[in-house]
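Now for the letters of each chain:
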Amino acid sequence: MDQSIDILLANACQGDDNLRSIAEGKLKQLHDLDLSNFLLGLSSQLSREETPEESSILAGIILKNSLDSGEPALDDLGSRKWLSLDPSIQSQIKENLLLTLESNCDSRRRSSKIIAKVIAWVACIEIPRNQWEELIGKLVGNMSMPSSSLKQATLEVLEYVFEEIPYVLKEDQVDVVLASVINEVKMEEGGEPSSQVRLAALKALLNILKFIELAKLEEESGSSSIVAAVCDGASRSKETKIKEAAFECLVVVASRYHTKLLPHMEIIVSLTVEALKVKEDEESLRVQCIELWNTICRKEINCREEEEEEEEGGGGGDSIFIGHLCSFVQPLLEAYLEKEKNLEKEKKEQEVISMSVEEEGEEEGDDNLEDMDISVSAEQEGVNLDDIWEQVEDESVQDIFMTCLGLATRTMKDKVVPLVMKFVHENINGPSRMMAIYPLGFILEGPSVNQLAPVVPLLVRMMEDPQEGEGVRGRAAWILGRVFELVGANRIIKNEVVDFPRIMTLLIKMSKDVPQVSIEVYGAIYFIARGYREDAKSTSKSSELTPFVKPLIDALLSASELVKETPFRIPPCASTYKALSEIVRVSNIEELEISDALIGLMSQIFRRLSTVVKGHGEAMSSDERKNCGLLEVLHCGLLELSMKQLGRSNFEVEAAFTLRDSASCLLLLLCRVLTSDNPTARDRVALAIGALAHAIGCHFGQHMPILLQYFNVKRLSPVYIGVMCSICHILGKEEEVVPSWDHIMEVLYKGIQELSLQPSILSSFGEIAVAIGDKFEKYVPPVLEKLREAEAAHLKLGDEDHGSKVRESIFKAYHGMMEGINDPKCGMKVGMALYEFIEDDQSNTKRRDTSVAMAGVDALSLLPMRVGAWSERLIVLMKEGFISRQ
């Protein structure tokens, strides 16, 4: 069979499609007819020096894919295949595989990784079964041989062994392997391992480090330590791949026991400075280096947080790495700036690299062929085995720099600010002004307010300078917004170096700048306002923001004005409305000037919403229709906030009466939005209608006929139902709106057929009962019937999640009815119905949800108190009846 396999492998590597297809078919037949001898023949081809390189690579691929599918779900099938082989065949195959490691032929290097994977895979099956116990000893013995190719191949096997089965190895085996691998990593006296051997040793060490216990690191001392060996090997090599592999090992050590790096930080800083200066085509080394520092910082941050928790909020001391971090930050910033300067060049090169990686990635997939797909050529497999640097896809290298700077800042706190400010001042007058200030946006979490305060006037000066380009102004505005977001506007402005009126005047002015700048300005305004959110909740006093509320509203309204030709544009409307909403939310409505400003804002938003709503009748593209819905959401949201604020105002004449007078027109407009195709817009306008009802209170009753025209099953949603319940609470005692309850209840009866609405409608029965009290008694019989129907329907449906929501809502309905009803006879009926429902629920329901149980307990706990009240009422009625008969 060996001879026939030899020929078939050679033919399968030919360029002739017909010849290759025939050879593949015959190889498949041999696999199916006699698996044992087929695999033995493949291993023999691998062990022979005279086997052509392409045939050797293809033999390795077929052997690997015959046993290892590459899919966890099929691993057991591969194991059964191997264990079904005759033990003598297994021994010969293993012997042949180990022989391939001893080959000095350079052409075999391309197949060595496949062979290493096969050996590791067989070891993964046999070693847990106490077989092939001599393998580890054989591999360790290979490490003492002078042959570099043997060492490299052996290290590759160890790399995969520790990736697959480290936990079944004995401790003494691990110790011996670790010592051998470290010996190949570090520099030997009188000699030096080859670059390929040291790289293979570092890759093997990487997997070993993921496995060994921390006690191994504790036992290390002096130059014999793992970290010392890794640092020594990296510092004495000029190979980028070796340095990168060394940093990967250090990352693993840092992630598990980062303080073990302390004695070696001087050399690590030196390696870092060197790595940050690499060429553009060696970017992966720089990324791996930064990842090491990210890991160190994360561990330090976690340690400090744990210390603060133990000390009940007391601040811990400085990080033990702070001095080394100070040495790291400056090279990091310099590398970032150099990278930014070459950004355009890098983009072009990255496009070429990305295209190359995509092609290589397609070929790489052939290494994990399923079943017996042997049509892969040896040339393709060779590409897969070349080391390809990992490309950063989700995060740009600049973002990686700044993420690292942010983590270093949280670790270093105040000590990072002078270093970054020094960098900014050194480069701010050069051609890279926008790049120079960018790091300021990433040192805002950790340092004190006093340390960060000088950043603000620097940014303001750059925004004020008319000579600055729009890129610099925009970036400065973005950083200023981050200052207000992360530090807090109400904290930073109290510093003496910060001129708040100057900042606000500047932001108002720049709201009319080009979009690249103005969008960042709107963000800064939003974060300034958000900084006063807690103050607005806790006090009614004026804040530093109060004098600027009206100018800010005017500026943002001007910036977001709808263009007549394109009334449905979104950018930058969304960001301006976000800023406007936050200003309204934090404004002190007790100030007459603020109240007037909000009334004026509502008038403008009313006009704009009217323009948008009119567009419903026009022919619009799909994009315009989408934008129209978004604008409805934005306008209705702002109207809702404004009406909530005005509803809390003490200026009755100015605020409340203005809303009452305009309520009819406002409600008509809002109701038109209820016909929108956008469900989010319908929900938002429902909330705005609820805010109007709360703002004008009982006066909303006269407008109910308008709203009821738009209250139907087609427009129902959980939000709309909740709003209608709130309106019932507001108007429940008003006699003039009694006819409205019939319409509302009728719509709810019909809407309960919709599964998605059932929970909301069922619980709304209880809300309405509480709101309208005795007026609900006429609805009790049909409501009880609907509750029974809903219970039966959910049992028939069999959907446990939906059933839990329905049962919880039914309990809430009973709770509300018992609370709202005063008539004894009617109340007793509800109580009995609740008791029957509880019995049925206990007997028919297997699933017990906490929320359902809590709702049931709430309803049941109310029953005794209400029964007592109804009984007392009944006794009074009986006494009155007896006296009247006397």
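Just so you know, these numbers come straight off a predicted model, no measurement behind them.

Chemist: I keep staring at the overall build of the protein chain and nothing clicks. Help me out?
Modeler: Across its full length, the protein chain holds 42 helices and zero strands. When burial is assessed residue by residue, the protein chain has 52% of its 886 residues classed as buried. Considering only contacts in the protein chain between residues 6 or more positions apart, those separated by 24 or more positions represent 76%. Accessible surface for the protein chain amounts to roughly 40500 Å². Of this, 50% is attributable to carbon and sulfur atoms.

Chemist: Hey, could you run me through helix α27 (residues 515-530) in this one?
Modeler: Quick reminder: α-helices carry 3.6 residues per turn. Residues three or four places apart thus point the same way. Here α27 is 16 residues long and its end C-alpha atoms lie 22 Å apart, about the 22 Å a rise of 1.5 Å per residue gives. Among the residues of α27, those classed as buried are V517, S518, V521, Y522, A524, I525, Y526, F527, I528 and A529.

Chemist: So what exactly am I meant to see when it comes to the pattern of salt bridges here?
Modeler: Close approach of charged atoms lets side chains of opposite charge pair. Tallying each qualifying case throughout the model produces 28 salt bridges. Across the salt bridge formed by E544 and K494, the nearest N and O atoms sit 3.9 Å from each other. Remark: K494 occurs in the loop between α25 (470-492) and α26 (500-510) and E544 occurs in the loop between α28 (533-538) and α29 (549-559); sequence separation between them is 50 residues. Residues R788 and E785 are paired through a salt bridge, measuring 3.4 Å at the closest nitrogen-oxygen approach. Here R788 pairs with E785, and both are found in helix α39 (residues 780-797), just three residues apart, close to one helical turn. The exposure class of R788 is partly exposed, given its relative accessible area of 39%. The class for E785 is partly exposed, based on a relative accessible area of 36%. Each member of the salt-bridge network shares a partner with another, and the members are D17, R20 and E24.

Chemist: Before we go on, may I ask you to explain the environment of H703 in this structure?
Modeler: The topology assignment puts H703 in the loop between α34 (679-696) and α35 (704-708). A residue is classified by how much of its surface remains accessible, and H703, at 7% relative accessible area, is buried. Taking the C-alpha atoms as reference points, H703 and A663, separated by 40 residues in sequence, lie 7.9 Å from one another. Those residues in contact with H703, other than ones at most four positions away along the chain, are R660, A663, S664, L667 and I696.

Chemist: What should I look at first to understand the nonpolar core in this one?
Modeler: Generally speaking, nonpolar side chains in soluble globular proteins are found buried as a group. Of all hydrophobic cores here, the largest spans 285 residues; its most connected members are L440, F700, L707, F765 and F776. Not counting residues within four places of it along the chain, the set of residues in contact with F776 comprises M745, F765, I768, A769, V783 and M817. Membership of the second largest hydrophobic core comes to five residues, among which are L562, V612, C628 and L631.

Chemist: Just checking my understanding: could you explain the packing of α25 against α27 for this structure?
Modeler: Angle between the axes and distance between the axes: these two values describe a pair of packed helices. Axis separation between α25 and α27 bottoms out at 8 Å; the angle between their running directions is 15°. Between α25 and α27, the crossing angle belongs to the class labelled roughly parallel. Relative to α27, the crossing made by α25 is left-handed. Each of E470, G471, R473, G474, A477, W478, G481, F484, E485 and A489 in α25 lies in contact with α27, whose residues at this interface are Q516, V517, E520, V521, A524, F527, I528 and R530.

Chemist: Looking at this structure, how should I read the environment of D677?
Modeler: Inspection of the secondary structure puts D677 in the loop between α33 (652-673) and α34. The class of D677 is exposed, set by a relative accessible area of 61%. As for D677 and C628, which are separated by 49 residues in sequence, their C-alpha atoms are 9.9 Å apart.

Chemist: Just to check I follow, could you spell out the confidence of the model for the protein chain for this structure?
Modeler: Caution applies to low-pLDDT parts of the model: their predicted coordinates are not meant to be read in detail. Predicted confidence across the protein chain gives a mean pLDDT of 82, with 84% of residues reaching 70 or more. Contacts from residues 362-395, a stretch scored under 50 in pLDDT, to residues over four places away or in other chains number 65 contacts.

Chemist: How should I be thinking about the packing of aromatic side chains in this particular structure?
Modeler: Pairs of aromatic rings are described using the distance from one ring centre to the other and the angle between the two planes. According to the stated counting rule, one finds 14 aromatic pairs in the structure shown. Arranged with centres 5.2 Å apart and planes meeting at 75°, the rings of Y438 and F442 form a pair that is edge-to-face. By relative accessible area, which is 18% here, F442 ends up buried. Residues F711 and Y720 carry aromatic rings whose centres are separated by 5.3 Å and whose planes lie at 85° to one another, so their mutual orientation is edge-to-face. By way of ring pairs, the aromatic residues Y336, F401, Y438, F442 and W478 are connected into one cluster. It is R482 that lies over the ring of F442; its NZ or CZ is 5.1 Å from the centre. Over the aromatic face of Y526 sits the side chain of K578, whose NZ or CZ is 4.5 Å from the ring centroid.

Chemist: Explain the side chain of S760 here, please?
Modeler: Here S760 lies in helix α38 (residues 758-772). What S760 contacts, discounting residues up to four positions off in sequence, is P718 and I721.

Chemist: Whenever I open this one, a negative patch on the surface confuses me. Can you help?
Modeler: Taken together, the side chains of E306, E307, E309 and E310 make up a negatively charged region of the molecular surface. Note on E310: relative accessible area 68%, which makes it exposed.

How each quantity is defined
Residues numbered from 1 in each chain as written. Predicted model: local features only at pLDDT ≥ 70, side-chain atom pairs only at ≥ 80, totals over all residues. Heavy atoms only, no water. Helix = DSSP H or I, 4+ residues; strand = E, 2+ residues; numbered from the N terminus. Buried < 20%, exposed > 50% of the residue type's maximum accessible area, 1.4 Å probe, protein only. Contact = heavy atoms within 4.5 Å. Areas by Shrake-Rupley, 256 points an atom, 1.4 Å probe, with all protein chains shown as cover. Expected span 1.5 Å × (residues − 1). Salt bridge = Lys/Arg side-chain N within 4 Å of Asp/Glu carboxyl O. Core = buried A, V, L, I, M, F, W, Y, C linked by side-chain atoms within 4.5 Å. Axes fitted to C-alpha atoms, helices over the stretch in contact; angles between N-to-C directions. Parallel < 35°, antiparallel > 145°, perpendicular 65-115°, else oblique. Left-handed = near helix turned anticlockwise from the far one by under 90°. pLDDT = per-residue confidence, 0-100. Phe/Tyr/Trp six-rings, centres within 6.5 Å; stacked < 30°, edge-to-face > 60°. Lys NZ or Arg CZ within 6 Å of the ring centre and 35° of its normal. Patch = residues over 30% accessible without salt bridge, like charges linked within 9 Å, V, L, I, M, F, W, Y side chains within 5 Å. Lys, Arg positive; Asp, Glu negative; His and termini not counted. Charge placed at Lys NZ, Arg CZ, Asp CG, Glu CD.

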